[in-house]
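Observations on the three-dimensional arrangement
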Amino acid sequence: MNADRFSDVLAAGMDRRRFLRFTGSLSAAAAVAAGLSACGGTSNAPTGQSSGGTAMGTAEHPAGTITTTLAFQFNGGFDPMNTSGAVGTCVNQHIFEALVDLDPVTRQPYAALAKALPTASPDGLTWTATLRDGAKFSDGSPVTADDVAWSFTRVLNPAGNALVAPFLTAFLDSVTATGAGTVQFKLKTPFALFPQRIAVIKIVPKAKTGDAAAAKAFDSAPIGSGPFKLDSASVTAGAVLSNNPNYNGPRPALVTQIVMRTNNDNSARLNDLQGGQSQVIEAVPFLNAATVQAPFKTDVKQAFNGLYLMFNCSAAPFNDKRVRQALFYAIDTKKVMATALNGFGETATSYLDSANPDYQRAATVYDYDPQKAKQLLSEAGVTGLSFELVTTNVAFIADSAPVIIDCWKQIGVTAKLNTAPTAQVLSQLVPADNFRVLAGSGDPTIYGPDADLLLRWYYYGNQWLVNRARWSDPARTRLAELIDKAATQQGAEQKTTWKQVFDLVADEVPLYMLYHTKTITGSDPSKVTGFGGTSTTGTYFLGAGRAA
(Lines give C-alpha, C1' and ligand atoms only; values in the text may rest on other atoms or scores of the structure.)
Protein backbone atom coordinates (compact mmCIF):
# COMPACT_ATOMS: atom_id res chain seq x y z
CA MET A 1 0.00 0.00 0.00
CA ASN A 2 1.26 3.48 -0.65
CA ALA A 3 2.04 6.12 1.96
CA ASP A 4 -1.69 6.50 2.40
CA ARG A 5 -2.15 2.93 3.48
CA PHE A 6 -2.97 3.88 6.98
CA SER A 7 -0.75 2.55 9.72
CA ASP A 8 -3.01 3.16 12.65
CA VAL A 9 -4.66 0.20 14.40
CA LEU A 10 -8.36 -0.49 13.90
CA ALA A 11 -10.59 0.38 16.81
CA ALA A 12 -11.33 -2.19 19.51
CA GLY A 13 -15.06 -1.71 18.99
CA MET A 14 -14.96 -3.37 15.60
CA ASP A 15 -18.26 -4.99 14.57
CA ARG A 16 -18.05 -8.77 14.86
CA ARG A 17 -21.26 -9.94 13.25
CA ARG A 18 -21.71 -13.59 12.70
CA PHE A 19 -22.28 -14.48 9.07
CA LEU A 20 -25.55 -15.87 7.83
CA ARG A 21 -25.49 -19.63 7.42
CA PHE A 22 -25.34 -21.28 4.05
CA THR A 23 -28.80 -22.35 2.91
CA GLY A 24 -27.53 -24.43 0.03
CA SER A 25 -24.93 -27.13 -0.25
CA LEU A 26 -22.01 -26.72 2.13
CA SER A 27 -19.77 -29.13 0.33
CA ALA A 28 -18.78 -26.41 -2.15
CA ALA A 29 -16.46 -24.83 0.39
CA ALA A 30 -14.44 -28.01 0.56
CA ALA A 31 -13.92 -27.85 -3.19
CA VAL A 32 -12.33 -24.41 -3.17
CA ALA A 33 -8.82 -25.65 -2.49
CA ALA A 34 -9.04 -28.06 -5.39
CA GLY A 35 -10.29 -25.29 -7.64
CA LEU A 36 -7.46 -22.99 -6.69
CA SER A 37 -4.97 -25.76 -7.33
CA ALA A 38 -6.49 -26.42 -10.72
CA CYS A 39 -5.94 -22.81 -11.72
CA GLY A 40 -2.29 -23.02 -10.81
CA GLY A 41 -2.52 -21.82 -7.22
CA THR A 42 -0.06 -24.33 -5.86
CA SER A 43 2.65 -23.72 -8.39
CA ASN A 44 6.06 -23.17 -6.82
CA ALA A 45 7.40 -21.35 -9.85
CA PRO A 46 8.15 -17.65 -9.44
CA THR A 47 6.07 -15.42 -11.65
CA GLY A 48 8.48 -12.63 -12.59
CA GLN A 49 8.05 -11.56 -16.19
CA SER A 50 11.29 -9.86 -17.22
CA SER A 51 13.69 -11.65 -19.54
CA GLY A 52 17.04 -10.62 -18.16
CA GLY A 53 18.98 -13.70 -19.14
CA THR A 54 20.63 -16.02 -16.64
CA ALA A 55 20.69 -15.27 -12.93
CA MET A 56 24.09 -15.03 -11.24
CA GLY A 57 22.92 -17.06 -8.25
CA THR A 58 20.93 -20.18 -7.56
CA ALA A 59 18.79 -21.38 -4.67
CA GLU A 60 21.79 -23.32 -3.37
CA HIS A 61 24.26 -20.49 -3.94
CA PRO A 62 22.63 -17.01 -3.97
CA ALA A 63 24.78 -14.31 -5.53
CA GLY A 64 24.61 -10.60 -6.21
CA THR A 65 22.62 -7.63 -4.93
CA ILE A 66 19.39 -6.15 -6.22
CA THR A 67 18.88 -2.48 -5.45
CA THR A 68 15.43 -0.96 -5.73
CA THR A 69 14.11 2.53 -5.04
CA LEU A 70 10.69 2.71 -3.41
CA ALA A 71 8.45 5.74 -3.62
CA PHE A 72 7.60 6.10 0.06
CA GLN A 73 9.50 6.40 3.30
CA PHE A 74 9.52 3.79 6.03
CA ASN A 75 7.03 4.98 8.66
CA GLY A 76 6.41 2.19 11.13
CA GLY A 77 7.28 -1.25 12.43
CA PHE A 78 7.21 -4.75 10.96
CA ASP A 79 4.85 -6.76 13.15
CA PRO A 80 2.67 -8.17 10.36
CA MET A 81 -0.58 -8.04 12.30
CA ASN A 82 -0.40 -4.23 12.28
CA THR A 83 2.00 -3.21 9.53
CA SER A 84 0.36 -1.16 6.81
CA GLY A 85 3.03 1.24 5.56
CA ALA A 86 4.30 0.83 2.02
CA VAL A 87 7.89 -0.05 2.92
CA GLY A 88 6.97 -2.23 5.89
CA THR A 89 4.53 -4.39 3.96
CA CYS A 90 6.98 -4.74 1.08
CA VAL A 91 9.72 -5.89 3.46
CA ASN A 92 7.33 -8.28 5.20
CA GLN A 93 6.43 -10.05 1.98
CA HIS A 94 10.10 -11.04 1.71
CA ILE A 95 10.85 -11.98 5.33
CA PHE A 96 7.60 -13.61 6.47
CA GLU A 97 5.43 -16.41 5.16
CA ALA A 98 1.78 -17.27 5.55
CA LEU A 99 0.48 -20.82 5.28
CA VAL A 100 -0.81 -19.70 1.91
CA ASP A 101 0.66 -16.67 0.18
CA LEU A 102 -0.56 -14.66 -2.80
CA ASP A 103 1.87 -14.25 -5.65
CA PRO A 104 2.70 -10.52 -5.79
CA VAL A 105 2.31 -10.40 -9.58
CA THR A 106 -0.52 -12.81 -10.43
CA ARG A 107 -2.29 -12.59 -7.03
CA GLN A 108 -2.86 -16.34 -7.24
CA PRO A 109 -2.60 -18.32 -3.97
CA TYR A 110 0.15 -20.88 -3.49
CA ALA A 111 1.21 -23.11 -0.61
CA ALA A 112 3.99 -21.25 1.20
CA LEU A 113 4.61 -22.41 4.77
CA ALA A 114 1.97 -25.10 4.28
CA LYS A 115 2.74 -28.29 2.35
CA ALA A 116 -0.40 -27.80 0.29
CA LEU A 117 -3.52 -25.66 0.29
CA PRO A 118 -5.74 -26.35 3.35
CA THR A 119 -8.51 -28.93 3.06
CA ALA A 120 -12.08 -28.56 4.31
CA SER A 121 -14.50 -30.87 6.07
CA PRO A 122 -17.70 -31.79 4.22
CA ASP A 123 -19.70 -29.14 6.10
CA GLY A 124 -17.12 -26.42 5.39
CA LEU A 125 -16.69 -25.60 9.08
CA THR A 126 -13.30 -27.20 9.70
CA TRP A 127 -10.14 -26.65 7.69
CA THR A 128 -6.84 -28.43 8.19
CA ALA A 129 -3.35 -27.34 7.15
CA THR A 130 -0.04 -29.16 7.41
CA LEU A 131 3.29 -27.35 7.68
CA ARG A 132 6.09 -28.17 5.27
CA ASP A 133 8.82 -30.33 6.73
CA GLY A 134 11.86 -28.69 8.28
CA ALA A 135 10.62 -25.09 8.13
CA LYS A 136 12.69 -22.73 10.29
CA PHE A 137 12.67 -19.09 11.24
CA SER A 138 15.66 -16.99 10.22
CA ASP A 139 17.17 -17.37 13.72
CA GLY A 140 17.30 -21.15 13.20
CA SER A 141 14.41 -22.05 15.51
CA PRO A 142 11.83 -24.49 14.06
CA VAL A 143 8.42 -23.28 12.92
CA THR A 144 5.82 -25.24 14.87
CA ALA A 145 2.08 -25.70 14.72
CA ASP A 146 1.92 -23.79 18.00
CA ASP A 147 3.55 -20.80 16.28
CA VAL A 148 0.93 -20.95 13.54
CA ALA A 149 -1.99 -21.23 15.95
CA TRP A 150 -0.57 -18.37 18.03
CA SER A 151 -0.13 -16.14 14.97
CA PHE A 152 -3.86 -16.41 14.31
CA THR A 153 -5.02 -16.37 17.93
CA ARG A 154 -3.30 -13.10 18.77
CA VAL A 155 -5.00 -11.46 15.78
CA LEU A 156 -8.40 -12.83 16.80
CA ASN A 157 -7.97 -11.47 20.35
CA PRO A 158 -9.98 -8.21 20.51
CA ALA A 159 -7.49 -6.76 23.00
CA GLY A 160 -4.80 -6.84 20.32
CA ASN A 161 -6.61 -4.34 18.06
CA ALA A 162 -4.96 -6.04 15.09
CA LEU A 163 -5.18 -4.14 11.82
CA VAL A 164 -5.91 -7.31 9.87
CA ALA A 165 -8.49 -8.68 12.32
CA PRO A 166 -11.57 -7.55 10.32
CA PHE A 167 -10.48 -9.81 7.46
CA LEU A 168 -10.95 -12.86 9.73
CA THR A 169 -13.11 -12.27 12.79
CA ALA A 170 -16.52 -12.53 11.16
CA PHE A 171 -16.00 -16.13 10.02
CA LEU A 172 -13.03 -17.61 11.96
CA ASP A 173 -13.75 -18.94 15.45
CA SER A 174 -10.55 -20.63 16.61
CA VAL A 175 -7.22 -22.07 15.49
CA THR A 176 -5.62 -25.03 17.27
CA ALA A 177 -2.40 -26.99 16.88
CA THR A 178 -3.55 -30.61 16.61
CA GLY A 179 -0.12 -32.13 16.07
CA ALA A 180 3.54 -31.20 15.68
CA GLY A 181 2.91 -29.97 12.15
CA THR A 182 -0.87 -29.81 11.83
CA VAL A 183 -3.25 -26.92 12.46
CA GLN A 184 -7.03 -27.02 12.58
CA PHE A 185 -9.31 -24.06 11.89
CA LYS A 186 -12.86 -23.90 13.25
CA LEU A 187 -15.17 -21.57 11.35
CA LYS A 188 -18.34 -19.88 12.56
CA THR A 189 -19.79 -20.28 9.10
CA PRO A 190 -18.47 -21.75 5.85
CA PHE A 191 -16.36 -19.24 3.94
CA ALA A 192 -15.40 -20.20 0.41
CA LEU A 193 -12.51 -17.72 0.23
CA PHE A 194 -10.78 -19.27 3.26
CA PRO A 195 -7.71 -20.75 1.49
CA GLN A 196 -6.65 -17.40 0.07
CA ARG A 197 -7.86 -15.23 2.94
CA ILE A 198 -5.43 -16.76 5.44
CA ALA A 199 -2.64 -15.15 3.43
CA VAL A 200 -3.21 -12.04 5.56
CA ILE A 201 -1.71 -13.81 8.58
CA LYS A 202 2.07 -14.04 8.45
CA ILE A 203 3.48 -16.63 10.83
CA VAL A 204 5.59 -15.31 13.70
CA PRO A 205 7.46 -17.11 16.51
CA LYS A 206 5.37 -17.29 19.67
CA ALA A 207 8.54 -17.07 21.76
CA LYS A 208 9.27 -13.63 20.31
CA THR A 209 5.73 -12.19 20.42
CA GLY A 210 4.10 -13.85 23.43
CA ASP A 211 3.67 -10.72 25.55
CA ALA A 212 3.49 -6.96 25.03
CA ALA A 213 7.15 -6.30 25.74
CA ALA A 214 8.31 -9.06 23.41
CA ALA A 215 5.94 -7.94 20.67
CA LYS A 216 7.22 -4.36 20.92
CA ALA A 217 10.80 -5.54 20.47
CA PHE A 218 9.76 -7.82 17.61
CA ASP A 219 8.16 -4.90 15.79
CA SER A 220 11.59 -3.39 15.15
CA ALA A 221 13.57 -6.65 14.95
CA PRO A 222 11.30 -9.11 13.10
CA ILE A 223 12.06 -12.78 12.55
CA GLY A 224 10.24 -14.75 9.88
CA SER A 225 10.51 -17.93 7.88
CA GLY A 226 10.65 -16.28 4.45
CA PRO A 227 13.52 -16.37 1.94
CA PHE A 228 15.06 -13.15 3.29
CA LYS A 229 15.80 -11.65 6.68
CA LEU A 230 15.92 -8.00 7.72
CA ASP A 231 19.39 -6.60 8.40
CA SER A 232 18.56 -2.93 8.93
CA ALA A 233 15.88 -0.29 8.40
CA SER A 234 15.56 3.45 8.93
CA VAL A 235 13.43 6.36 7.83
CA THR A 236 16.25 7.90 5.85
CA ALA A 237 18.07 4.86 4.46
CA GLY A 238 15.23 2.43 3.76
CA ALA A 239 15.88 -1.26 4.39
CA VAL A 240 18.52 -3.89 3.71
CA LEU A 241 17.63 -7.58 3.46
CA SER A 242 19.87 -10.63 3.08
CA ASN A 243 19.09 -14.20 2.13
CA ASN A 244 17.83 -16.45 4.90
CA PRO A 245 20.09 -19.55 4.92
CA ASN A 246 17.45 -21.49 6.89
CA TYR A 247 14.75 -21.12 4.25
CA ASN A 248 13.58 -24.34 2.55
CA GLY A 249 10.38 -23.20 0.85
CA PRO A 250 9.15 -22.78 -2.74
CA ARG A 251 10.46 -19.23 -3.40
CA PRO A 252 14.19 -19.32 -2.52
CA ALA A 253 16.42 -16.26 -2.62
CA LEU A 254 18.63 -16.08 -5.70
CA VAL A 255 20.56 -13.04 -4.43
CA THR A 256 22.49 -12.49 -1.26
CA GLN A 257 21.09 -9.02 -0.64
CA ILE A 258 18.21 -6.66 -1.45
CA VAL A 259 18.77 -2.97 -0.84
CA MET A 260 15.51 -1.00 -0.64
CA ARG A 261 16.23 2.69 -1.05
CA THR A 262 13.42 5.18 -0.48
CA ASN A 263 12.80 8.45 -2.27
CA ASN A 264 9.50 10.25 -2.84
CA ASP A 265 11.09 12.53 -5.45
CA ASN A 266 9.92 11.38 -8.89
CA SER A 267 12.96 12.62 -10.80
CA ALA A 268 15.38 11.14 -8.30
CA ARG A 269 13.85 7.67 -8.62
CA LEU A 270 14.01 7.81 -12.40
CA ASN A 271 17.63 8.96 -12.20
CA ASP A 272 18.38 6.00 -9.93
CA LEU A 273 17.17 3.62 -12.64
CA GLN A 274 18.72 5.35 -15.63
CA GLY A 275 21.96 6.05 -13.77
CA GLY A 276 22.36 2.43 -12.69
CA GLN A 277 22.08 2.99 -8.93
CA SER A 278 18.92 0.83 -8.87
CA GLN A 279 17.86 -2.03 -11.08
CA VAL A 280 14.17 -1.55 -10.25
CA ILE A 281 12.15 1.50 -9.18
CA GLU A 282 8.62 1.88 -7.93
CA ALA A 283 6.24 4.48 -9.33
CA VAL A 284 7.86 5.68 -12.53
CA PRO A 285 6.72 9.31 -12.86
CA PHE A 286 3.52 9.52 -14.87
CA LEU A 287 4.97 12.28 -17.03
CA ASN A 288 7.99 10.16 -17.97
CA ALA A 289 6.44 6.72 -18.37
CA ALA A 290 5.93 6.98 -22.12
CA THR A 291 9.50 8.11 -22.76
CA VAL A 292 11.38 5.35 -20.91
CA GLN A 293 13.48 3.56 -23.53
CA ALA A 294 15.60 0.42 -23.84
CA PRO A 295 17.44 -1.06 -22.09
CA PHE A 296 14.95 0.04 -19.45
CA LYS A 297 11.32 -1.02 -19.45
CA THR A 298 8.09 -0.12 -17.71
CA ASP A 299 5.42 -2.47 -16.47
CA VAL A 300 2.01 -0.77 -16.35
CA LYS A 301 -0.80 -2.37 -14.34
CA GLN A 302 -4.30 -1.15 -13.55
CA ALA A 303 -4.60 -0.78 -9.78
CA PHE A 304 -7.29 -0.40 -7.16
CA ASN A 305 -5.37 2.45 -5.55
CA GLY A 306 -6.56 5.92 -6.40
CA LEU A 307 -8.16 9.05 -5.01
CA TYR A 308 -11.21 8.86 -2.78
CA LEU A 309 -13.33 11.57 -1.20
CA MET A 310 -14.52 11.06 2.38
CA PHE A 311 -17.06 13.32 4.08
CA ASN A 312 -17.99 14.18 7.64
CA CYS A 313 -21.48 12.79 7.22
CA SER A 314 -22.62 14.09 10.61
CA ALA A 315 -22.03 17.73 9.67
CA ALA A 316 -24.54 19.68 7.60
CA PRO A 317 -24.85 19.86 4.68
CA PHE A 318 -22.75 16.71 4.13
CA ASN A 319 -25.30 14.66 6.07
CA ASP A 320 -27.42 14.97 2.92
CA LYS A 321 -26.21 12.51 0.29
CA ARG A 322 -27.36 14.87 -2.47
CA VAL A 323 -24.60 17.27 -1.45
CA ARG A 324 -22.02 14.48 -1.50
CA GLN A 325 -23.26 13.36 -4.90
CA ALA A 326 -23.17 16.93 -6.21
CA LEU A 327 -19.50 17.29 -5.39
CA PHE A 328 -18.74 14.11 -7.34
CA TYR A 329 -20.79 15.15 -10.39
CA ALA A 330 -19.05 18.53 -10.41
CA ILE A 331 -15.57 17.06 -10.93
CA ASP A 332 -14.15 16.70 -14.43
CA THR A 333 -12.30 13.52 -13.54
CA LYS A 334 -10.67 13.14 -16.95
CA LYS A 335 -9.15 16.59 -16.54
CA VAL A 336 -7.97 15.71 -13.05
CA MET A 337 -6.31 12.52 -14.29
CA ALA A 338 -4.72 14.30 -17.24
CA THR A 339 -3.13 16.77 -14.84
CA ALA A 340 -2.17 14.46 -11.98
CA LEU A 341 -1.64 11.12 -13.72
CA ASN A 342 -0.82 12.05 -17.32
CA GLY A 343 -3.77 9.82 -18.16
CA PHE A 344 -2.49 6.74 -16.32
CA GLY A 345 -5.73 5.99 -14.53
CA GLU A 346 -9.42 5.36 -15.03
CA THR A 347 -12.54 7.11 -13.80
CA ALA A 348 -14.17 5.06 -11.06
CA THR A 349 -17.24 3.31 -12.42
CA SER A 350 -17.50 1.16 -9.30
CA TYR A 351 -15.77 0.77 -5.96
CA LEU A 352 -13.41 -1.75 -7.60
CA ASP A 353 -11.14 -1.03 -10.54
CA SER A 354 -12.13 -2.55 -13.86
CA ALA A 355 -9.22 -5.03 -13.86
CA ASN A 356 -10.45 -6.73 -10.69
CA PRO A 357 -12.11 -10.10 -11.42
CA ASP A 358 -14.96 -9.14 -9.07
CA TYR A 359 -15.62 -5.80 -10.82
CA GLN A 360 -19.19 -4.85 -11.71
CA ARG A 361 -20.25 -1.44 -12.94
CA ALA A 362 -22.26 0.44 -10.31
CA ALA A 363 -25.76 1.70 -11.03
CA THR A 364 -24.56 5.24 -10.27
CA VAL A 365 -21.52 6.51 -12.17
CA TYR A 366 -20.36 10.07 -11.63
CA ASP A 367 -19.76 11.32 -15.14
CA TYR A 368 -18.91 15.01 -15.32
CA ASP A 369 -22.23 16.85 -15.07
CA PRO A 370 -22.00 20.32 -13.46
CA GLN A 371 -25.65 21.08 -14.21
CA LYS A 372 -26.76 18.00 -12.29
CA ALA A 373 -24.44 19.02 -9.48
CA LYS A 374 -26.09 22.42 -9.28
CA GLN A 375 -29.53 20.82 -9.36
CA LEU A 376 -28.69 18.49 -6.46
CA LEU A 377 -27.38 21.38 -4.36
CA SER A 378 -30.54 23.34 -5.12
CA GLU A 379 -32.73 20.39 -4.12
CA ALA A 380 -30.78 20.14 -0.87
CA GLY A 381 -31.31 23.85 -0.25
CA VAL A 382 -27.58 24.57 -0.23
CA THR A 383 -26.08 27.83 -1.45
CA GLY A 384 -22.71 29.46 -0.92
CA LEU A 385 -21.12 26.22 0.30
CA SER A 386 -17.62 26.73 1.67
CA PHE A 387 -15.36 24.28 3.50
CA GLU A 388 -11.79 23.09 3.98
CA LEU A 389 -10.57 20.27 1.75
CA VAL A 390 -8.00 18.21 3.63
CA THR A 391 -5.58 16.22 1.47
CA THR A 392 -2.61 13.99 2.09
CA ASN A 393 0.72 14.93 0.57
CA VAL A 394 0.96 11.93 -1.75
CA ALA A 395 2.03 13.40 -5.09
CA PHE A 396 -0.97 12.45 -7.23
CA ILE A 397 -3.39 13.54 -4.50
CA ALA A 398 -1.66 16.90 -4.11
CA ASP A 399 -1.62 17.36 -7.90
CA SER A 400 -5.32 16.49 -8.16
CA ALA A 401 -6.56 18.84 -5.46
CA PRO A 402 -6.25 22.22 -7.29
CA VAL A 403 -8.14 20.87 -10.31
CA ILE A 404 -10.89 19.47 -8.07
CA ILE A 405 -11.20 22.78 -6.24
CA ASP A 406 -11.43 24.64 -9.55
CA CYS A 407 -14.23 22.30 -10.72
CA TRP A 408 -16.17 22.96 -7.53
CA LYS A 409 -15.68 26.68 -8.02
CA GLN A 410 -17.56 26.41 -11.32
CA ILE A 411 -20.71 25.36 -9.45
CA GLY A 412 -20.39 28.04 -6.76
CA VAL A 413 -18.63 25.92 -4.13
CA THR A 414 -15.51 27.26 -2.40
CA ALA A 415 -12.92 24.94 -0.91
CA LYS A 416 -9.76 25.95 0.92
CA LEU A 417 -6.88 23.49 0.64
CA ASN A 418 -5.08 22.04 3.65
CA THR A 419 -2.40 19.49 2.72
CA ALA A 420 -0.51 17.54 5.37
CA PRO A 421 1.33 14.23 5.84
CA THR A 422 -0.86 11.18 6.16
CA ALA A 423 -0.16 10.60 9.83
CA GLN A 424 -1.16 14.17 10.69
CA VAL A 425 -4.25 13.98 8.50
CA LEU A 426 -5.57 10.87 10.24
CA SER A 427 -4.50 11.60 13.79
CA GLN A 428 -5.28 15.33 13.93
CA LEU A 429 -7.20 16.80 11.00
CA VAL A 430 -9.86 14.14 10.37
CA PRO A 431 -10.79 13.73 14.08
CA ALA A 432 -11.15 17.51 14.49
CA ASP A 433 -14.60 19.05 14.89
CA ASN A 434 -14.10 21.28 11.85
CA PHE A 435 -13.27 18.41 9.47
CA ARG A 436 -15.55 18.26 6.45
CA VAL A 437 -13.96 16.61 3.37
CA LEU A 438 -10.83 14.54 2.78
CA ALA A 439 -9.12 13.60 -0.47
CA GLY A 440 -6.88 10.63 0.21
CA SER A 441 -5.67 7.33 -1.16
CA GLY A 442 -5.25 3.77 0.05
CA ASP A 443 -4.58 0.33 -1.32
CA PRO A 444 -5.76 -2.66 0.71
CA THR A 445 -5.05 -4.94 -2.28
CA ILE A 446 -1.66 -5.55 -0.69
CA TYR A 447 -3.58 -7.95 1.60
CA GLY A 448 -5.64 -9.52 -1.20
CA PRO A 449 -7.69 -8.57 -4.26
CA ASP A 450 -11.09 -10.18 -3.59
CA ALA A 451 -14.17 -8.01 -3.20
CA ASP A 452 -14.97 -9.19 0.32
CA LEU A 453 -11.56 -8.14 1.65
CA LEU A 454 -11.56 -4.80 -0.16
CA LEU A 455 -15.08 -3.94 1.00
CA ARG A 456 -14.25 -4.78 4.60
CA TRP A 457 -11.29 -2.41 4.56
CA TYR A 458 -13.37 0.76 4.24
CA TYR A 459 -17.00 -0.30 4.70
CA TYR A 460 -17.09 -2.75 7.58
CA GLY A 461 -16.64 -1.96 11.26
CA ASN A 462 -16.15 1.32 13.04
CA GLN A 463 -12.84 2.73 11.95
CA TRP A 464 -13.71 4.35 8.64
CA LEU A 465 -17.46 4.80 8.41
CA VAL A 466 -18.11 5.52 12.09
CA ASN A 467 -14.97 7.05 13.54
CA ARG A 468 -13.84 8.98 10.49
CA ALA A 469 -16.79 9.53 8.17
CA ARG A 470 -19.23 9.80 11.11
CA TRP A 471 -21.86 8.03 9.00
CA SER A 472 -24.84 6.96 11.12
CA ASP A 473 -27.34 6.45 8.32
CA PRO A 474 -29.34 3.18 8.41
CA ALA A 475 -27.74 2.40 5.05
CA ARG A 476 -24.50 1.70 6.94
CA THR A 477 -26.15 -1.20 8.77
CA ARG A 478 -27.60 -2.47 5.52
CA LEU A 479 -24.16 -2.28 3.93
CA ALA A 480 -22.59 -4.48 6.62
CA GLU A 481 -25.43 -6.98 6.33
CA LEU A 482 -24.92 -7.26 2.58
CA ILE A 483 -21.16 -7.76 2.95
CA ASP A 484 -21.80 -10.55 5.45
CA LYS A 485 -24.44 -12.10 3.23
CA ALA A 486 -22.15 -12.16 0.19
CA ALA A 487 -19.43 -13.84 2.25
CA THR A 488 -21.66 -16.90 2.73
CA GLN A 489 -22.43 -17.20 -0.97
CA GLN A 490 -20.66 -18.30 -4.12
CA GLY A 491 -20.93 -17.86 -7.87
CA ALA A 492 -23.79 -15.90 -9.39
CA GLU A 493 -25.58 -15.55 -6.07
CA GLN A 494 -22.55 -13.90 -4.47
CA LYS A 495 -22.02 -11.70 -7.50
CA THR A 496 -25.61 -10.46 -7.27
CA THR A 497 -25.17 -9.48 -3.62
CA TRP A 498 -21.85 -7.75 -4.30
CA LYS A 499 -23.60 -5.76 -7.03
CA GLN A 500 -26.07 -4.53 -4.40
CA VAL A 501 -23.12 -3.43 -2.26
CA PHE A 502 -21.44 -1.60 -5.14
CA ASP A 503 -24.70 0.17 -5.99
CA LEU A 504 -25.32 1.18 -2.39
CA VAL A 505 -21.91 2.74 -1.76
CA ALA A 506 -21.98 4.48 -5.14
CA ASP A 507 -25.31 6.05 -4.25
CA GLU A 508 -24.49 7.03 -0.66
CA VAL A 509 -20.81 8.02 -1.20
CA PRO A 510 -19.78 8.57 2.44
CA LEU A 511 -16.34 7.49 1.19
CA TYR A 512 -15.92 6.69 -2.48
CA MET A 513 -13.34 6.49 -5.23
CA LEU A 514 -13.05 9.27 -7.79
CA TYR A 515 -10.48 7.46 -9.91
CA HIS A 516 -8.20 4.42 -9.85
CA THR A 517 -4.55 4.82 -10.81
CA LYS A 518 -2.21 2.60 -12.76
CA THR A 519 1.04 1.41 -11.21
CA ILE A 520 4.17 1.88 -13.32
CA THR A 521 7.24 -0.09 -12.32
CA GLY A 522 10.57 0.55 -14.00
CA SER A 523 13.34 -2.01 -14.36
CA ASP A 524 16.53 -2.84 -16.21
CA PRO A 525 15.95 -6.38 -17.56
CA SER A 526 19.61 -6.63 -18.53
CA LYS A 527 20.51 -6.54 -14.84
CA VAL A 528 17.66 -8.39 -13.11
CA THR A 529 15.97 -11.70 -13.95
CA GLY A 530 12.58 -13.13 -13.07
CA PHE A 531 11.10 -9.78 -12.08
CA GLY A 532 7.62 -8.46 -12.79
CA GLY A 533 5.80 -5.30 -11.75
CA THR A 534 2.65 -5.49 -9.65
CA SER A 535 -0.69 -3.72 -9.41
CA THR A 536 -0.01 -2.90 -5.76
CA THR A 537 2.64 -0.70 -4.22
CA GLY A 538 6.12 -2.04 -3.60
CA THR A 539 8.62 -4.10 -5.60
CA TYR A 540 8.96 -7.83 -4.98
CA PHE A 541 11.85 -10.19 -5.64
CA LEU A 542 10.60 -13.66 -4.77
CA GLY A 543 12.47 -15.74 -7.31
CA ALA A 544 14.23 -12.75 -8.90
CA GLY A 545 17.98 -12.61 -9.42
CA ARG A 546 20.78 -10.43 -10.71
CA ALA A 547 21.61 -11.09 -14.33
CA ALA A 548 24.94 -12.74 -15.03
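Scroll up a little and you will see the structure.
The text that follows walks through the structure, step by step, so that each part is easy to find.

About the criteria used
- Residues numbered from 1 in each chain as written.
- Predicted model: local features only at pLDDT ≥ 70, side-chain atom pairs only at ≥ 80, totals over all residues.
- Heavy atoms only, no water.
- Helix = DSSP H or I, 4+ residues; strand = E, 2+ residues; numbered from the N terminus.
- Rg over C-alpha atoms; globule rule 2.2 N^0.38 Å.
- Buried < 20%, exposed > 50% of the residue type's maximum accessible area, 1.4 Å probe, protein only.
- Core = buried A, V, L, I, M, F, W, Y, C linked by side-chain atoms within 4.5 Å.
- Contact = heavy atoms within 4.5 Å.
- Axes fitted to C-alpha atoms, helices over the stretch in contact; angles between N-to-C directions.
- Parallel < 35°, antiparallel > 145°, perpendicular 65-115°, else oblique.
- Left-handed = near helix turned anticlockwise from the far one by under 90°.
- Polar contact = N/O pair within 3.5 Å; in protein donor to acceptor, adjacent residues only side chain to side chain.
- Salt bridge = Lys/Arg side-chain N within 4 Å of Asp/Glu carboxyl O.

This part covers the overall build of the protein chain. In terms of regular secondary structure, the protein chain is built from 17 helices and 19 strands. Rg of the C-alpha trace for the protein chain: 23 Å, near the compact-globule value of 24 Å for 548 residues, within the 12% margin. Each of the three principal axes of the protein chain carries a C-alpha extent, and together these read 70 × 60 × 45 Å. Across the 548 residues in the protein chain, those meeting the buried criterion constitute 60%.

Our focus in this paragraph is the environment of Val284. By the element assignment, Val284 lies in the loop between strand 11 (280–281) and strand 12 (297–311). We classify Val284 as buried; its relative accessible area is 3%. When the C-alpha positions of Val284 and Val164 are compared, they lie 29 Å apart, and in sequence the two are 120 residues distant.

Phe152, Phe185, Tyr351, Trp408 and Tyr459 are the most contacted members of the largest nonpolar core, which totals 163 residues. Here this core gets eight residues from one element, more than from any other, and that element is helix 12 (residues 395–409). Not counting chain neighbours up to four residues away, the residues in contact with Tyr351 comprise Phe304, Leu454, Leu455, Tyr458, Tyr459, Phe502, Val505, Tyr512, Met513 and His516.

Contact pair helix 14 (residues 451–459) / helix 17 (residues 491–508): the axes reach a minimum separation of 12 Å and the direction vectors enclose 30°. The angle between helix 14 and helix 17 falls in the class roughly parallel. As helix 14 runs across helix 17, the sense of the crossing is left-handed. Here Ala451, Asp452, Leu455 and Tyr459 of helix 14 lie close against helix 17, whose contacting residues are Trp498, Val501, Phe502 and Val505.

What follows covers the side chain of Thr488. Position of Thr488 among the secondary structure elements: in the loop between helix 16 (474–487) and helix 17. Of note is the side chain of Thr488, whose polar atom sits 2.7 Å from the backbone oxygen of Lys485.

This part takes up the pattern of salt bridges. Within this structure, the stated rule accounts for 17 salt bridges. The partner of Glu97 in a salt bridge is Arg132, and the shortest N-O contact between them spans 2.9 Å. Pair noted here: Glu97 is in the loop between helix 3 (86–95) and strand 2 (100–102) and Arg132 is in the loop between strand 5 (126–130) and helix 4 (145–156), with a separation of 35 residues, a long-range link. Using a relative accessible area of 3% as the deciding quantity, one classes Glu97 as buried. Looking at Arg132, the relative accessible area reads 10%, which means it is buried. For the salt bridge of Arg322 with Asp320, the shortest nitrogen-to-oxygen distance reads 2.8 Å. For Arg322, a relative accessible area of 29% gives the class partly exposed.

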